[in-house]
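# Structural description and commentary
Chain by chain, the residues:
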There are 4 protein chains.
Amino acid sequence: MSASSPTYAFLGPQGTFTEAALLQVPDAGQATRVPASNVNAALDWVRDGSVHAAMVPIENSVEGGVTATLDAIAGGGELRIIREVLVPISFVLVARPGVRLADVRRVSTHGHAWAQCRLWMDANIPSAEYVPGPSTAASALGLLEEDCHYDAAICAPLVAREQPGLSVLAEDIGDNPDAVTRFILVSRPGVLPARTGADKTTLVVPLPEDRPGALMEILDQFASRGVNLSRIESRPTGQYLGDYFFSIDADGHVGDERMADALAGLHRISPATRFLGSYPRADLQAAPVEPHTADQAFQSARAWVAGILRPAGEPAENGSSASPKA
Amino acid sequence: MSASSPTYAFLGPQGTFTEAALLQVPDAGQATRVPASNVNAALDWVRDGSVHAAMVPIENSVEGGVTATLDAIAGGGELRIIREVLVPISFVLVARPGVRLADVRRVSTHGHAWAQCRLWMDANIPSAEYVPGPSTAASALGLLEEDCHYDAAICAPLVAREQPGLSVLAEDIGDNPDAVTRFILVSRPGVLPARTGADKTTLVVPLPEDRPGALMEILDQFASRGVNLSRIESRPTGQYLGDYFFSIDADGHVGDERMADALAGLHRISPATRFLGSYPRADLQAAPVEPHTADQAFQSARAWVAGILRPAGEPAENGSSASPKA
Amino acid sequence: MSASSPTYAFLGPQGTFTEAALLQVPDAGQATRVPASNVNAALDWVRDGSVHAAMVPIENSVEGGVTATLDAIAGGGELRIIREVLVPISFVLVARPGVRLADVRRVSTHGHAWAQCRLWMDANIPSAEYVPGPSTAASALGLLEEDCHYDAAICAPLVAREQPGLSVLAEDIGDNPDAVTRFILVSRPGVLPARTGADKTTLVVPLPEDRPGALMEILDQFASRGVNLSRIESRPTGQYLGDYFFSIDADGHVGDERMADALAGLHRISPATRFLGSYPRADLQAAPVEPHTADQAFQSARAWVAGILRPAGEPAENGSSASPKA
Amino acid sequence: MSASSPTYAFLGPQGTFTEAALLQVPDAGQATRVPASNVNAALDWVRDGSVHAAMVPIENSVEGGVTATLDAIAGGGELRIIREVLVPISFVLVARPGVRLADVRRVSTHGHAWAQCRLWMDANIPSAEYVPGPSTAASALGLLEEDCHYDAAICAPLVAREQPGLSVLAEDIGDNPDAVTRFILVSRPGVLPARTGADKTTLVVPLPEDRPGALMEILDQFASRGVNLSRIESRPTGQYLGDYFFSIDADGHVGDERMADALAGLHRISPATRFLGSYPRADLQAAPVEPHTADQAFQSARAWVAGILRPAGEPAENGSSASPKA
């Protein structure tokens, strides 16, 4: 990689919603963009330095990135989320030129996209058979191959526009017109985006199995410091039934005292807790902070305890604070 | 359906792990067994009375049933889980006779099965390309078709044994030798299996969005009555980002006072809470119950409150309710 | 006691703040009012039927009623609080006619009154010696006795006005001009004041010693049902160090579903919990109730659970209990 | 005060249970011992340097020290508890020589001692009238005065033994043969007794009025760090009805990481929280500590968070820890 021009991976192929997300990153239009066949591959390129960062779907994706991404960043070499991007989701039905809706017998797309267009399909071509595809774009491009065994594909408007060999049979066929997918830009550790006041922190917290009530203890680490959670999802570790980790998005930045304190509490309860990054929220919404959970309250509390522990007559040192910003 | 002979649906095709699970039900060997192409279809047959019950995977499945099942029973017409079955998971690699391991270029199976055999594949045929299939059995049976565009399939031992046209290239290729999948037998409401003392209750609890701390409140309904949770999974509702429901398995039967009381508390906090059934645990493990969460403690507490509310001089009625307004 | 004319006891002697509280009860002006020498005596008269009810101080009293009252109603035969009364507290310094402030060497009053006039005493007659008295009124009346060994007394304005043999040396000598004492009217069980919507419930909850976290469990019974506490005080049982009970005032009436449900939870955790009454608040302030803790939410939850437990095909009964075994 | 010989105050007069407690302090037998007429006076002598330390009763006292002590150390200049002492409580009834039990008409003692001998008095001299006294020893010594207006006194065995003018009418007249009173030795700040592994920390925590659930938040600061409470008592502040502080004894030393962390949390929630000392437990019982609340868990958690916040490439500094022992 050259220092002057970044290289980005994304969950491909070209034309997916994920590439649309990547194009929202300021310098990505001019950067080298490398499609990956799956989330694991994209993240492995980040880990081994082949690319600077990778864009992958994290929530409500049509490309199957959700659980794959959650699992891929929870294990393996450490990674950091440095940005999130929201993309409105809209589907089109495409076919080779000349094919009419009445001709469609078999439709291919990614399973998640299929699930999100069920009502339209039932209403318009109820007899159509579903053919699973590895991505929406791959299904669309497959129509251009010689021996394609399906007649139409559901995909993003982007791929339809860029491929002259495809004609659009129907637009906006998604069941939920307000559907949005959230994507994350992932890099190696070493970069911690600055606090903006409207940040988000993503964590992976394995559920300790050795004592009951552990989940409540985990949630209490946030609640007792006034940290709100915007997402919590359980994922099986795959080791044995009932073994979970939780993927959590919390409002705030690790540079906020309350978040740093909550993280310390989590590490104590579940030592394998992973920090996956603090980064600006896409919606720029700052969470309200009450006085007793503000930075000042934590700093004042720490100074008070330090004063109790200091031997009599010894003055407070400058810079002796345990502040996460020290 | 005739009354004398039950009809069961299962997530097909024939030969899947799900059919193996169904065969553990006492009368299923002689019953009519109908394969369904997906979990939704199987459950819809139960809802419309086409079958008596359906067997579908619920946890750690290789057939993709997990989230599909969680979502399918969480919505639509009400259903009841009446039994759970555990099946050890073991994979084989099959091909047409004459094909050797060295010849394998493309391998088909369900995505979850593929994920569970990654280590073996990387070690033995690292260059093999993955072809997504709708189920392990369908991928295996596809090999028998004329124009099959892959060379081998990963499936359950059952389908390999029953299909003379398939030969086994390798056995026990799963990465985790202790893998187990949990299946559930689902019927319409109206049947509540009797208490055995080692029971499990399954619930769907939407997360109320209107106040913070709702998840802790939900967990507290169980914890404060001494009810242990054996599984908790979040699922997006698909309505908008951040809208979740929780799928929960709790130790005990709704006929246990502590569980009935916890359910009342859940309904109050999240009125759309769904009861999906109380049924015997497959592992027959009874959860310990402390004196202050035993039936006797709840009954005694209710009688005490009723005594306070009863007008002076009025004797206690038999079977009188603890309702303050009754 | 005659049915037509009630008899009330109060913590005497005549002229105490407690009698002033009793005079706020509508029919007390015409009723027989019997002074008791201590709280235990007053409550024992209620228990044995000698009087209809007794007025005693419960919070921030100058007559020493606070802990004595808390302990006296927590044990012995069951009693019920049926009313609360608030009385503003104002102190005067009295002496025999002719005695000047400069002559005062020894001052008698109840210990709590003494504590509440410390600033004034230190500023005006700092050398005065304190002589403990059993009540403010008794100390004042003692001045009229022959061999009185002190020169002045601190008491309520009421007693000074009614005793011609006493002259007032100083008024409003209390340190806190906003001081208020709360009194309660106590009767035997059998009367439960009607719900007004602005009620208070008083409880005695022994702290179970057999498990840690019991106090949090107790508080959670209220918090989880949206019941606010307006007072919580610990009291040693006197059995051994570290053995406590809690005296609690909670907003609401046992006829409110949320309070009845909280009481059932408390009884389960601490079976010796005592109900001391539900009665209108003196300040008439109704506590806000959220939808999920309103009566309707509890009734709806109970009906839902009853529907789950009801055998198939059986209609809901009128007045049917939510008991899982009923 | 000379450095070579300490001076101790105690709640007098001589012969009280409090002096018996003071005599358990190793060097107190040879030290100057100054009786104080009340707890406030004793503590004010400590504050102004007149004495090195003061012994006062703190729990279940017969001398009225309990609430007076709790209130006196909660306000005013800061003080530190440096030791606790347990004394078994036993009462005797004394009179002037020649007086027989049948002659006793009026009995004086401290109100708490009177309360603890009620059963014996009711059984043996039920008609005896109670005369309040400022302390058990003062009531006993009063019998030796010329114009004493009572016939007998209840006091500690110590005072009876040391006063030749008193004869013992009855021994062991307390209702509870296992009664024990706890006393504390109080000094000025500047001395923090070393950790022994079986320590106790005493705190004063005002209840924040500005938000509901504050008491649960306070308790959670301890519970979430595995700190057990051995005593919790509410006290009115005297400012207005419903304004409280809590006097708390917690197992452990402020030098323990979990206690230091809990104190920081308390200060954040209730900034006027007071630290009254960490000192060895009289019973030498060490509280069990779970791995996730041990010092190591806190230190490891802090180091982990520090690593996240450290700019890339910057090494961890030696001594950069926020440890309470740093």
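An unreviewed UniProt entry annotates chain A as Prephenate dehydratase of Pseudarthrobacter oxydans. Per UniProt, chain A carries the Catalytic activity (unreviewed entry) text "prephenate + H(+) = 3-phenylpyruvate + CO2 + H2O". According to the UniProt record, the Pathway (unreviewed entry) comment for chain A is "Amino-acid biosynthesis; L-phenylalanine biosynthesis; phenylpyruvate from prephenate: step 1/1."

### Overview of the overall build of chain A
Each helix and strand in chain A was counted, giving ten helices and 14 strands. Scored against the burial criterion, the 326 residues of chain A give a buried share of 53%. On chain A, roughly 13,300 Å² of surface is accessible, and the fraction owed to carbon and sulfur atoms is 52%.

### Focus: the relation of the copies chain B and chain C
Aligned on chain C, chain B shows an RMSD of 0.0 Å; the corresponding rotation is 180 degrees and the shift along the axis is 0.0 Å. With respect to symmetry, the two chain copies, as superposed, fit the operation of a two-fold axis. With an isologous cut-off of 70% or more, the 100% of interface residues of chain B that recur at the interface of chain C puts this contact in the isologous class.

### Some thoughts on the domain arrangement of chain A
For chain A, the assigned domains read domain 1 (1–89 + 179–190), domain 2 (92–171) and domain 3 (191–306). Here domain 2 of chain A and domain 3 of chain A have C-alpha centroids that lie 42 Å from each other.

### Looking at the interface of chain B and chain A
Taken residue by residue, the interface counts 27 residues in chain B and 27 residues in chain A. Summed over both partners, the interface of chain B with chain A comes to about 2,100 Å²; 63% of that surface belongs to carbon and sulfur atoms. In this structure, the connection of chain B to chain A is made through zero salt bridges. At the surface where chain B touches chain A, the tally comes to five residue pairs in polar contact (both at pLDDT 80 or more).

### Notes on helix H8 (residues 214–223) of chain D
Among the ten residues of H8(D), seven are classified as buried, and the element is accordingly described as predominantly covered. Taken residue by residue, H8(D) has D:Ala214, D:Leu215, D:Ile218, D:Leu219, D:Asp220, D:Gln221 and D:Phe222 as its buried positions.

### Digging into the relation of the copies chain B and chain A
Between chain B and chain A, which share one sequence, the superposing operator has a rotation angle of 180 degrees and an axial displacement of 0.0 Å; the RMSD is 0.1 Å. Taken together, the interface assignments show that 100% of the residues at the interface of chain B recur at the interface of chain A, consistent with an identical surface on both copies.

### Regarding the sheet that holds strand S12 (residues 229–236) of chain C
Pairing between the strands of a sheet is mediated by backbone hydrogen bonds and can be parallel or antiparallel. Residue and element names in this part refer to chain C. Strands sit in the order S12-S13-S11-S14 across an open sheet of four strands; the sheet is antiparallel. Looking along the sheet, the strands with just one partner apiece sit at the ends: S12 and strand S14 (274–280). Between one strand and the next, the sheet's axes are offset by a mean angle of 15 degrees, whatever the strand orientation. Across seven bridges, the pairing between S12 and strand S13 (residues 244–251) is antiparallel. Across the sheet, residue Ile 232 finds its bridge partner in S13, namely Ile 248. Across the sheet, helix H8 (residues 214–223) is in contact with strand S11 (199–206), S12 and S13; its angle to S13 comes to roughly 15 degrees.

### Quick word on the interface of chain B and chain C
At the junction of the two partners, chain B supplies 39 residues and chain C supplies 39 residues. In this assembly, chain B packs against chain C so that about 3,300 Å² is buried in total across both faces, 62% of it on carbon and sulfur atoms. Counting across the interface, chain B meets chain C through six residue pairs in polar contact (both at pLDDT 80 or more). The set of elements that each furnish at least two residues to the side of chain B that touches chain C consists of helix H8 (214–223), helix H9 (257–269), strand S14 (274–280) and helix H10 (295–309) of chain B. At eleven residues, the largest contribution of residues to the side of chain B that touches chain C is made by H10(B). Each residue belonging to the side of chain B that touches chain C can be placed in one class, and the counts come to 16 nonpolar, eleven polar and twelve charged.

### Looking at the nonpolar core
C:Phe222, C:Leu263, D:Phe222 and D:Leu263 are the most contacted members of the largest nonpolar core, which totals 57 residues. Beyond its immediate chain neighbours, meaning those up to four positions away, C:Leu263 contacts B:Trp304, B:Val305, B:Ile308, C:Leu203, C:Val254 and C:Phe275. With 56 residues, the next largest nonpolar core counts A:Tyr244, B:Phe246, B:Ala264 and C:Ile308 among its residues.

### Re the sheet that holds strand S14 (residues 274–280) of chain A
Residues and elements named next belong to chain A. The strand order across the open sheet built from four strands is S12-S13-S11-S14, with neighbouring strands paired in antiparallel fashion. Each edge of the open sheet carries a strand with a single partner, namely strand S12 (229–236) and S14. Neighbouring strand axes in the sheet, compared pairwise and without regard to direction, differ in orientation by 15 degrees on average. Relative to strand S13 (residues 244–251), helix H8 (residues 214–223) is tilted by about 15 degrees, and along the sheet it contacts strand S11 (199–206), S12 and S13.

### Some thoughts on the pattern of salt bridges
Counted by the stated rule, this structure contains 76 salt bridges over all chains. Ionic contacts of the salt-bridge type, sharing partners, join the residues A:Glu59, A:Glu84, A:Arg182, A:Lys200, A:Arg231, A:Glu233 and A:Asp249 into one network.

### Structural notes on empty space enclosed by the protein
Taking a probe equal in size to a water molecule and rolling it over the atoms shows the remaining empty space. Per the counting criterion, the structure on display carries two cavities of 30 Å³ or more. Considered as a void within the structure, the second largest cavity measures approximately 40 Å³ in volume. Taken together, B:Asp220, B:Gln221, B:Ser224, B:Arg225, B:Arg268, C:Gln221, C:Ser224 and C:Arg225 make up the full set of residues lining the second largest cavity.

### Looking at the packing of H8(A) against helix H9 (residues 257–269) of chain A
Residue and element names in this part refer to chain A. Two elements in contact, H8 and H9, have axes separated by 8 Å at closest approach and are oriented at 165 degrees. Classed by the angle they form, the pair H8 and H9 counts as roughly antiparallel. Considering how the two elements wind past one another, H8 and H9 form a crossing that is right-handed. Contacts between H8 and H9 involve Glu 217, Ile 218, Gln 221 and Phe 222 from the former and Ala 262, Gly 265, Leu 266, Arg 268 and Ile 269 from the latter. Here the contact of H8 with H9 is composed, by residue class, of five nonpolar, two polar and two charged.

### Concerning the packing of aromatic side chains
Residues and elements named next belong to chain A. All told, the structure shown has eight aromatic pairs over all chains when counted by the stated rule. Where Trp 114 meets Tyr 130, the ring centres are 4.6 Å apart and the plane angle is 15 degrees; that geometry is what we call stacked. In this pair, Trp 114 sits in helix H4 (residues 111–116) while Tyr 130 sits in strand S7 (residues 129–132), placing the two residues 16 residues apart along the sequence. Judged by relative accessible area, which is 13%, Trp 114 ranks as buried. Looking at Tyr 130, the relative accessible area reads 25%, which means it is partly exposed.

### Here we look at a negative patch on the surface
Residues C:Glu145, C:Glu146, C:Asp147, D:Glu145, D:Glu146 and D:Asp147 make up a contiguous surface patch of negative charge. Mapped onto the elements, C:Asp147 comes out in the loop between helix H6 (136–142) and strand S8 (152–155). C:Asp147 gets classed as exposed once you look at its relative accessible area, which sits at 61%.

### Comments concerning the pairing of strand S6 (residues 106–109) of chain C
Residues and elements named next belong to chain C. Sheet topology note: the S6/strand S7 (residues 129–132) ladder contains four bridges and is parallel. Across the sheet, Ser 108 pairs through a bridge with Val 131, a residue of S7. Across two bridges, the pairing between S6 and S8 is parallel. Of the residues in S8, the one forming a bridge with Val 107 is Ala 152.

### Describing the UniProt feature "site: Essential for prephenate dehydratase activity" (unreviewed entry) in chain A
Residues and elements named next belong to chain A. Mapped onto this numbering, the UniProt entry gives "site: Essential for prephenate dehydratase activity" (unreviewed entry) at Thr 181. Mapped onto the secondary structure, Thr 181 falls in strand S10 (residues 180–187). By relative accessible area, which is 1% here, Thr 181 ends up buried.

### Quick notes on unusual backbone geometry
A:Pro13 follows A:Gly12 through a cis peptide bond whose omega is 5 degrees. As for its placement among the helices and strands, A:Pro13 is situated in the loop between strand S1 (7–11) and helix H1 (17–22). Even without glycine at this site, A:Asp172 takes up a positive phi of about 50 degrees. Its place among the elements puts A:Asp172 in the loop between strand S9 (167–171) and S10. The phi dihedral of D:Leu284 falls on the positive side, at around 60 degrees, and the residue is not glycine.

Calculation rules
- Residues numbered from 1 in each chain as written.
- Chains lettered and ligands numbered in written order.
- Predicted model: local features only at pLDDT ≥ 70, side-chain atom pairs only at ≥ 80, totals over all residues.
- Heavy atoms only, no water.
- UniProt positions renumbered as here; feature names shortened; annotations may be inferred.
- Helix = DSSP H or I, 4+ residues; strand = E, 2+ residues; numbered from the N terminus.
- Buried < 20%, exposed > 50% of the residue type's maximum accessible area, 1.4 Å probe, protein only.
- Areas by Shrake-Rupley, 256 points an atom, 1.4 Å probe, with all protein chains shown as cover.
- Least-squares fit on C-alpha atoms with pLDDT ≥ 70 in both.
- Contact = heavy atoms within 4.5 Å.
- Domains from an automatic or database assignment.
- Buried area = accessible area lost by both parts, 1.4 Å probe.
- Salt bridge = Lys/Arg side-chain N within 4 Å of Asp/Glu carboxyl O.
- Polar contact = N/O pair within 3.5 Å; in protein donor to acceptor, adjacent residues only side chain to side chain.
- Pairing = 2+ DSSP bridges.
- Axes fitted to C-alpha atoms, helices over the stretch in contact; angles between N-to-C directions.
- Nonpolar A, V, L, I, M, F, W, Y, C, P; charged D, E, K, R; others polar.
- Core = buried A, V, L, I, M, F, W, Y, C linked by side-chain atoms within 4.5 Å.
- 1 Å grid on protein atoms, 1.4 Å probe; cavity = no way out; pocket = protein on both sides within 12 Å on 5 of 7 lines; lining within 4 Å.
- Points joined across faces, edges and corners; volume = space filled by probe spheres on them.
- Parallel < 35°, antiparallel > 145°, perpendicular 65-115°, else oblique.
- Left-handed = near helix turned anticlockwise from the far one by under 90°.
- Phe/Tyr/Trp six-rings, centres within 6.5 Å; stacked < 30°, edge-to-face > 60°.
- Patch = residues over 30% accessible without salt bridge, like charges linked within 9 Å, V, L, I, M, F, W, Y side chains within 5 Å.
- Lys, Arg positive; Asp, Glu negative; His and termini not counted.
- Charge placed at Lys NZ, Arg CZ, Asp CG, Glu CD.

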